[in-house]
Amino acid sequence: MTEHEFRTACAENGILLDDAQMQQFRTYTDLLIEWNRKMNLTAITDPEQIWEKHYLDSILPFSGLDIHTLADVGTGAGFPGIPVKITWPQIRVTLVEPLKKRCRFLEAVKEALHLEDLEICPERAEEFAAGHRDAFDAVCSRAVARLSILLELTAPLAKPGGLVIALKGPGAAAELRAAAPALEALHLKLLKETDTSLSAGERVNLYFEKQGPTPADYPRNFGQIKKHPLEDTTWQK
Ligand SMILES: C[S@@+](CC[C@H](N)C(=O)[O-])C[C@H]1O[C@@H](n2cnc3c(N)ncnc32)[C@H](O)[C@@H]1O
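How each quantity is defined
Residues numbered from 1 in each chain as written. Predicted model: local features only at pLDDT ≥ 70, side-chain atom pairs only at ≥ 80, totals over all residues. Heavy atoms only, no water. UniProt positions renumbered as here; feature names shortened; annotations may be inferred. Helix = DSSP H or I, 4+ residues; strand = E, 2+ residues; numbered from the N terminus. Pairing = 2+ DSSP bridges. Axes fitted to C-alpha atoms, helices over the stretch in contact; angles between N-to-C directions. Contact = heavy atoms within 4.5 Å. Buried < 20%, exposed > 50% of the residue type's maximum accessible area, 1.4 Å probe, protein only. Right-handed = clockwise from strand over helix to strand, strands pointing away.

- Per an unreviewed UniProt entry, the recorded name for the chain is Ribosomal RNA small subunit methyltransferase G, and the organism is Faecalibaculum rodentium.
- Checking UniProt for the chain, the heading Subcellular location (unreviewed entry) contains the comment "Cytoplasm".

The structure is reproduced here in structure tokens:
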């Protein structure tokens, strides 16, 4: 997807980006490519793939949502949180990412793009949740863990009545079936499911409403990040 096709696809979905925002996306791409030479940030390094797989995929799920605060759990190189921040600068975005070197990259992007009200938290979601229960209008995550675990990590951060948004791929239906006990335990209700076809494949976004308080023993401890068996990186390949 070219830059022009990206802008057109956004407009077709009601998302109008001005020239300054397009320049922020270009600068972000330059930084991604430059920093990726010295650290592992992303397997997607072709700018034409970045426009679609990273930027369009990150922002489409948020079109039309009325939210003021968003936490992105396991943001990695900033997805979907930074594209959301560029597109809707009025949203206060918090990026949660335990790997310190990725956080250094995120700080560099924040500075270069002059992003305000963007917080970068170098913590695991389980640690971050200790001080941020019931805090956000919406909590999102892409390519971090299978749904049942992901919901345990994200739901405690959402306000009662708030949203949990899981950006998933074609396996979403099976993950959803397996996550039924987690949904009940976490007082989450599936609100809607959207299906988008990108040239790279099918993308399925799941939206849950948090209907009651998360039980006190969530999130649970999932072990060391380096041994984390649950990262879903299929989308990155
Ligand atoms: C495959 S990457 C995906 C990054 C980004 N969300 C994307 O879609 O490109 C998964 C990220 O989740 C982070 N992660 C893994 N376990 C986590 C946890 N328990 N809490 C917060 N982040 C976690 C990893 O450090 C890694 O940066």
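**Let's talk about unusual backbone geometry**
Piece 1. Going from Phe 79 to Pro 80, the amide bond is cis rather than trans, its omega being 5°.
Piece 2. Mapping Pro 80 onto the fold places it in the loop between strand 1 (69–73) and helix 4 (81–87).
Piece 3. Pro 219 follows Tyr 218 through a cis peptide bond whose omega is -10°.
Piece 4. Relative to the elements of secondary structure, Pro 219 occurs in the segment after strand 7 (201–210).

**Regarding the sheet that holds strand 4 (residues 136–142)**
Piece 1. Reading across the sheet, the seven strands line up as 3-2-1-4-5-7-6 and stay open at both edges, with mixed pairing between neighbours. Only two strands of the sheet have a single partner each, and these edge strands are strand 3 (118–121) and strand 6 (188–198). For this sheet the average axis-to-axis angle between neighbouring strands, irrespective of direction, equals 20°.
Piece 2. Inspection of the sheet shows strand 4 paired to strand 5 (residues 158–168) by six bridges, in the parallel sense. Along strand 5, the bridge assignment pairs Ser 141 with Ala 166.
Piece 3. Along the sheet face, helix 3 (residues 47–59) touches strand 4, strand 5, strand 6 and strand 7 and points at about 155° away from the line of strand 4.
Piece 4. Most of the contacts of helix 7 (residues 147–154) go to strand 5, to which it runs at about 145°, and overall it touches strand 1, strand 4, strand 5, strand 6 and strand 7.

**Digging into the pairing of strand 5**
Piece 1. Burial analysis of strand 5 places eight of its 11 residues in the buried class, the great majority of the element.
Piece 2. In this region the chain leaves strand 4, passes through helix 7 and returns to the parallel neighbour strand 5; the handedness of that crossover is right-handed.
Piece 3. Pairing of strand 5 with strand 7 involves six bridges; the strand directions are antiparallel. Across the sheet, residue Ala 166 finds its bridge partner in strand 7, namely Leu 206.

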